[in-house]
Amino acid sequence: MGRRIAATLRRTAIHAVPTVLGIIVLDFLLLQLMPGDAADVIASESGVATAESMAMLRQHFGLDQPVLTQLMNFLGHLAQFNLGFSPRYNMPVVDLILQRLPGTLMLMVTALAFALIIGIAVGSVMAAWAGRWPDRILSVVVLLFYSMPGFWVGLMAIVLFSVKLGWLPSDGDMTVGAGLTGWAMIADRLRHLVLPALALASFFVAVYARLTRASMLEVQRQDFMRTAQAKGLHPFLIQLRHALRNALVPVTTVAGMHLGNLLGGAVVVETLFGWPGMGRLALEAVLARDFSTLLGVLLLSSFLVIVANMLIDLLHAWLDPRIGAA
Amino acid sequence: MTAKFRPTRRAALAGVSALAFMGGRGYAQTATPRKGGTLTFIQNSEPQTLVALTTVATPALTVSAKVTEGLLEYDYDIKPRPLLAIEWSISPDGKTYTFKLRPNVKFHDGKPFTSADVAYSIQLLKTVHPRGRNTFANVLEVKTPDPLTAVIELSKPAPYLIRALTAAETPMMPRHIYEGTDPLGNPNGNAPVGTGPYKFKEWVRGSHIIYERNADYWDPDLPRIDRMVCKFLPDTGARSIAFENKSADIGYRMPVALSDLERLKKLPHLEFETDGTSYSYNVSCLQFNLDSQYFKHLKVRQAVAHAINRELLIKTVCYGYGTVCYSPIAPGLKDFHDPTPSPYTLDLKKAEQLLDEAGFPRGADKIRFRVPLDYNPIGDESLRLSEFLRASLSRIGIGVEVRSADISAFVKRVYTDRAFDFTYNGHSNLFDPTVGVQRIYWSKNFKKGVPFSNGSHYENPKVDALLEGAAVENDPVKRKAMFVEFQKIVAEEIPDIPLYSPLFLTIKNRRVHDDSLTADGVEANMSRVWLDA
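What counts and how
- Residues numbered from 1 in each chain as written.
- Chains lettered and ligands numbered in written order.
- Predicted model: local features only at pLDDT ≥ 70, side-chain atom pairs only at ≥ 80, totals over all residues.
- Heavy atoms only, no water.
- Helix = DSSP H or I, 4+ residues; strand = E, 2+ residues; numbered from the N terminus.
- Buried < 20%, exposed > 50% of the residue type's maximum accessible area, 1.4 Å probe, protein only.
- Contact = heavy atoms within 4.5 Å.
- Areas by Shrake-Rupley, 256 points an atom, 1.4 Å probe, with all protein chains shown as cover.
- Phe/Tyr/Trp six-rings, centres within 6.5 Å; stacked < 30°, edge-to-face > 60°.
- Lys NZ or Arg CZ within 6 Å of the ring centre and 35° of its normal.
- Pairing = 2+ DSSP bridges.
- Domains from an automatic or database assignment.
- Buried area = accessible area lost by both parts, 1.4 Å probe.
- Salt bridge = Lys/Arg side-chain N within 4 Å of Asp/Glu carboxyl O.
- Nonpolar A, V, L, I, M, F, W, Y, C, P; charged D, E, K, R; others polar.
- Disulfide = S-S within 2.5 Å.
- Axes fitted to C-alpha atoms, helices over the stretch in contact; angles between N-to-C directions.
- Lys, Arg positive; Asp, Glu negative; His and termini not counted.
- Polar contact = N/O pair within 3.5 Å; in protein donor to acceptor, adjacent residues only side chain to side chain.
- Parallel < 35°, antiparallel > 145°, perpendicular 65-115°, else oblique.

Q: In this structure, what is going on with the overall build of chain B? I would like to understand it.
A: Assigned secondary structure in chain B consists of 17 helices and 21 strands. With the C-alpha coordinates of chain B rotated into their principal frame, the extents come out at 75 × 55 × 40 Å. Within chain B, the fraction of its 533 residues that count as buried is 61%. Across chain B, contacts joining residues at least 24 apart in sequence account for 70% of those joining residues at least 6 apart. Element-wise, carbon and sulfur atoms account for 53% of the exposed surface of chain B, whose accessible area totals about 19200 Å².

Pasting the structure below:
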């Protein structure tokens, strides 16, 4: 296992550097194609400008430099592990991102955990009762979640749980200014996390449930299942140890790929719930043409996806030792 | 036309003011203010900096004055009242302004506030503030004969200056923090120090700002609340819900979608207020590019004007929350507004005839010409309004294609590339037409690459002379006459068609009192606000 981790790390590192560099250069050049710049945005937010104030802003933002110089500056900073400075927010990009990163990670990990736990549980139940009424009913529910956009599920959840019942808060990641500490603070954070995480997870629950059901049914027909039954194992243990464990390989593969999607889907959910995450930061950076911030977010997101894929690789090795290090 | 529009407007206004009266304002003024509590106010978007020094974007304006105060505050009619200055006088020639400052005022870091800060702030605003460069253009120097006296010397009179001194428009900055630094990069923008009733505590990006009561405020009775929380809620639906489930106390300048208002008005705990929005009125207009092959013809512009029904527009697009406006100077600016209706009344036959005369007959498909309409995406009514205009103009054979873009792309297209024909746009009038209106019509302000300059490329020497004259005219009667004549000329020549002036409501929970006591309402320092238990 130790050799395996080392090999995976080495391979990931070799892949990651050129991938990230390519992403950065491509993103940078694509962003140049967007009409307008950061100074235009600031002037239009103010609704007023003079030629002098525009020139001052452009100089402050470094926009008076040629594009190539701007790119070289950015890459130069990056080589020193410096994500640069956001003139719009008047702070280093890395601070800006680190403020948001925990929020986004918490939301993503919780949503993914919800999606996997609920999805796999529902999928297993559907597979165990395939073709009978629990399967039929759950299929309909799953189809519903599969076809409804997450933000709508979120809005309806807000209307029900926050407005009508008043059980859960509708915005933010904590009760601002309440000065809570200890368990009260953790409970408060969790209460704020439930609705956005469920809204973000709803679509993926459906995906994993269907995937688990299909792969478990596939596994049921394998020879080793018959052997296990012949050995006289308890049916529940057969399902759990033999069927589910084998069925998890495709589910985890897809979940790894979904991490990128989750980052994207988070923009909508974060906006809806006023959640201070990176998705909103990225969206605001696009609208504000704050490219240093945006490139920082993109860089970190690609890094996250690469790391997640590496973890999935390792998870596969644990689930199915036959999958070798290529 | 006049007879037709009056009932609509009056009905809309009456409806709104009735609501305002229902909302316990009498109670607020008679009851004893209670101390303590936390006020939560919500904003659509996050400010980029917490001091309105290098930007006048609404999110920054809304929070700035809580910490950083101004020399004066203003009543609803924009008459000045003391704030950091307790007395002021203007010399008869209008070129010397003398301010006596409030004694014993301290910044939050303990340093005293003196006339040196005033002098420094005005010079700083003159160089880095988006409007300060114009507002203070005539400032020769600011003399400081003693620590509590500041004298502004002007090269020419600036009759608008005395109305420009609110906290958000002309913030009094701490000289000891800014001197010798880059004002755009100064950390004070992220963690401000000022003289205001609230001290900055924390700013969690993407979430909220917290202000704490300043126990050493120069008025020992104020402020009344312990804490103020400003939350950013970018989703309009989420903002309505925040008012509904009481997690938001107050929101400013129409914080929710117009379509949600009717539902929210049924909730007994909410109050809708029109006070405290008179410092800056907006006028929304259909602005032509006079270099366009179609709209360079006066007759085509007249035809467009004849085809638009402003009353219907307000009723359908704005749900009634607007006032018909024929002039680039908003009706709210009573000292300058000319209420004469447009000479071009709703008349489709006349419009068709004008287009025929201009040489644009209806083609085989009944269309005279096709033209793109760009709209300013700030404000959620813009797209609906553009669609309304498309429908209106299709009736006279002009095929309009509505083109969407985000704000940066819009500004670049209109003001830098000038690759547009006409646009639905909005301008803030502010407290005086010289500051808010002149820029749109003055030929010397046709500047490529400068947003919200003279985007039509309008040139009329007579208009230039009137605007330049009014900018330095000391006599209010003569000054008004100049603006009225200006309004007559642009109403005839229509480089743009003013459509309406939006009505901004402040929405608040009924437990909030005394929040909007000045012309700039929630944008002021809110030192007197208090909350029911």
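Q: Before we go on, may I ask you to explain the packing of aromatic side chains in this structure?
A: Two numbers describe a pair of aromatic rings. These are the distance of the centres and the angle of the planes. What the rule picks out here adds up to 21 aromatic pairs over all chains. Members of the aromatic cluster, each reached through a chain of ring pairs, are Phe288(B), Tyr294(B), Phe295(B), Phe360(B), Phe369(B) and Phe422(B). Lying across the ring of Tyr89(A), Arg88(A) places its NZ or CZ 5.9 Å from the centre. Taking NZ or CZ as reference, Arg210(A) lies 5.4 Å from the ring centre of Tyr146(A), over its face.

Q: What is the right way to look at the pairing of strand E10 (residues 227-232) of chain B in this model?
A: Residue and element names in this part refer to chain B. A large share of E10 lies buried, amounting to five of its six residues. With six bridges joining them, strand E1 (residues 38-43) and E10 adopt parallel strand pairing. Each residue of the ladder has a partner; that of Gln43, found in E10, is Phe232.

Q: Sorry, what's going on with the domain arrangement of chain A here?
A: All names here are of chain A. Here chain A is described as being made up of domain 1 (2-93) and domain 2 (99-319). Domain 1 puts 30 residues into the contact, and the matching count from domain 2 is 21 residues. Roughly 2300 Å² of surface becomes buried between domain 1 and domain 2 when both sides are summed, with 75% attributable to carbon and sulfur atoms. In terms of surface lost to domain 2, no three residues of domain 1 exceed Leu31, Met34 and Tyr89, which account for 20% of the buried area on that side. For the pair domain 1 and domain 2, the number of links is zero salt bridges.

Q: Honestly, the environment of His427(B) in this entry has me stumped. Any pointers?
A: All names here are of chain B. Turning to its location among the elements, His427 is positioned in strand E17 (residues 422-430). Take His427: its relative accessible area is 3%, and that puts it in the buried class. When the C-alpha atoms of His427 and Tyr281 are compared, they prove to be 8.6 Å apart, with 146 residues separating the residues in sequence. With near-sequence residues (within four places) excluded, His427 lies in contact with Tyr281, Asn282, Val283, Cys285, Gln287, Tyr415, Arg439, Ile440 and Phe452.

Q: What exactly am I supposed to notice about the interface of chain A and chain B here?
A: How big an interface is tends to be reported as the loss of accessible area on association of its parts. With 46 residues of chain A at the contact, the number on the chain B side is 50 residues. When the buried area of chain A at its contact with chain B is split by residue, Val48(A), Asn90(A) and Val176(A) rank highest and sum to 14% of it. On inspection of chain A and its partner chain B, the count reaches three salt bridges. In this structure, Glu46(B) engages Arg100(A) in a salt bridge whose closest nitrogen and oxygen atoms are separated by 3.6 Å. Elements represented by at least two residues in the side of chain A that touches chain B include exactly helix H2 (38-46), helix H3 (51-61), helix H5 (93-128), helix H7 (150-164), helix H10 (235-273) and helix H11 (278-288) of chain A. Split into classes, the residues belonging to the side of chain A that touches chain B amount to 21 nonpolar, 14 polar and eleven charged.

Q: Sorry, what's going on with the state of the cysteines here?
A: What is meant by a disulfide is a covalent connection between two cysteines, made through their sulfur atoms. Residues and elements named next belong to chain B. Scanning the model with the defined rule gives zero disulfides over all chains in all. Of the cysteine sulfurs around Cys318, a residue in no disulfide, the closest is that of Cys325, at 12 Å. Cys318 gets classed as buried once you look at its relative accessible area, which sits at 1%.

Q: Looking at this structure, I do not really get the sheet that holds E17(B). What am I missing?
A: Pairing between the strands of a sheet comes from backbone hydrogen bonds, and it takes one of two forms, parallel or antiparallel. Residue and element names in this part refer to chain B. One open sheet accounts for six strands, arranged E14-E18-E13-E17-E15-E16; its pairing is mixed. Looking at which strands have only one partner, the edges of the open sheet turn out to be strand E14 (322-324) and strand E16 (398-403). Sheet twist, expressed as the average angle between the axes of neighbouring strands with direction ignored, equals 30°. Bridge analysis of E14 against strand E18 (residues 496-502) gives three bridges, and the strand direction is antiparallel. Paired with Gly322 across the bridge in E18 is Pro502.

Q: Before we go on, may I ask you to explain the side chain of Glu381(B) in this structure?
A: Residues and elements named next belong to chain B. Within the secondary structure, Glu381 is located in the loop between strand E15 (369-375) and helix H12 (382-394). For the buried Glu381, which has no salt bridge, the nearest side chain bearing the opposite charge is Arg384, at an N-O separation of 6.0 Å. Of the polar contacts made by the side chain of Glu381, one reaches the side chain of Tyr424; its length is 3.1 Å.

Q: Looking at this structure, I do not really get the pattern of salt bridges. What am I missing?
A: Residues and elements named next belong to chain B. The tally for this structure, following the rule as stated, stands at 39 salt bridges over all chains. Its salt-bridge partner being Glu212, residue Arg227 comes within 3.4 Å of it at the nearest N-O pair. Placement of the pair is Arg227 in strand E10 and Glu212 in strand E9 (residues 208-213), with a sequence separation of 15 residues. With a relative accessible area of 23%, Arg227 lands in the partly exposed category. Between Arg413 and Asp374 there is a salt bridge whose closest N-O contact spans 3.4 Å. One end of the pair, Arg413, is in helix H13 (residues 407-417); the other, Asp374, is in strand E15, and 39 residues separate them in sequence. If you follow the salt bridges from partner to partner, you end up with Glu271, Glu273, Lys508, Arg510 and Asp515 in one network.

Q: I tried to follow unusual backbone geometry on my own but got confused; where do I start?
A: For residues that are not glycine, phi is negative in most cases, and the peptide bond is trans in most cases. Residues and elements named next belong to chain B. Cis geometry marks the peptide bond from Leu222 to Pro223; its omega dihedral reads -10°. Inspection of the secondary structure assignment puts Pro223 in the loop between E9 and E10. For Tyr319, which is not glycine, the phi dihedral falls at a positive 50°. As for its placement among the helices and strands, Tyr319 is situated in the loop between helix H10 (310-316) and E14. Residue Tyr319 is classed as partly exposed on the basis of its relative accessible area of 41%. Even without a glycine there, the phi angle at Arg418 is positive, about 50°. Here Arg418 is to be found in the loop between H13 and E17.

Q: For this particular structure, what's the right way to read the packing of H2(A) against H13(B)?
A: What describes two packed helices is the angle between their axes and the distance between those same axes. Where H2(A) meets H13(B), the axes come as close as 9 Å, and the angle between the chain directions of the two elements is 95°. The angle between the axes of H2(A) and H13(B) places the two elements in the roughly perpendicular class. From H2(A), Asp40(A), Val41(A) and Ser44(A) reach across to H13(B), where they touch Ile407(B), Ser408(B), Val411(B) and Lys412(B). Residues belonging to the contact of H2(A) with H13(B) are distributed by class as follows: three nonpolar, two polar and two charged.

Q: How do you make sense of the pairing of E9(B) when you look at a structure like this?
A: Within a regular strand, side chains alternate between the sheet's two faces. Residues and elements named next belong to chain B. Looking at chain direction, strand E8 (residues 198-204) and E9 are connected through six bridges and run antiparallel. By the bridge assignment, Trp203 is partnered in E9 with Ile209. From the end of E8 to the start of E9, which pair antiparallel, there are three residues, and Gly206 there has a positive phi angle of about 80°. Of the pairings in the sheet, the one linking E9 to E10 comprises five bridges and is antiparallel in character. Note that in E10 the partner of His208 across the bridge is Lys231.

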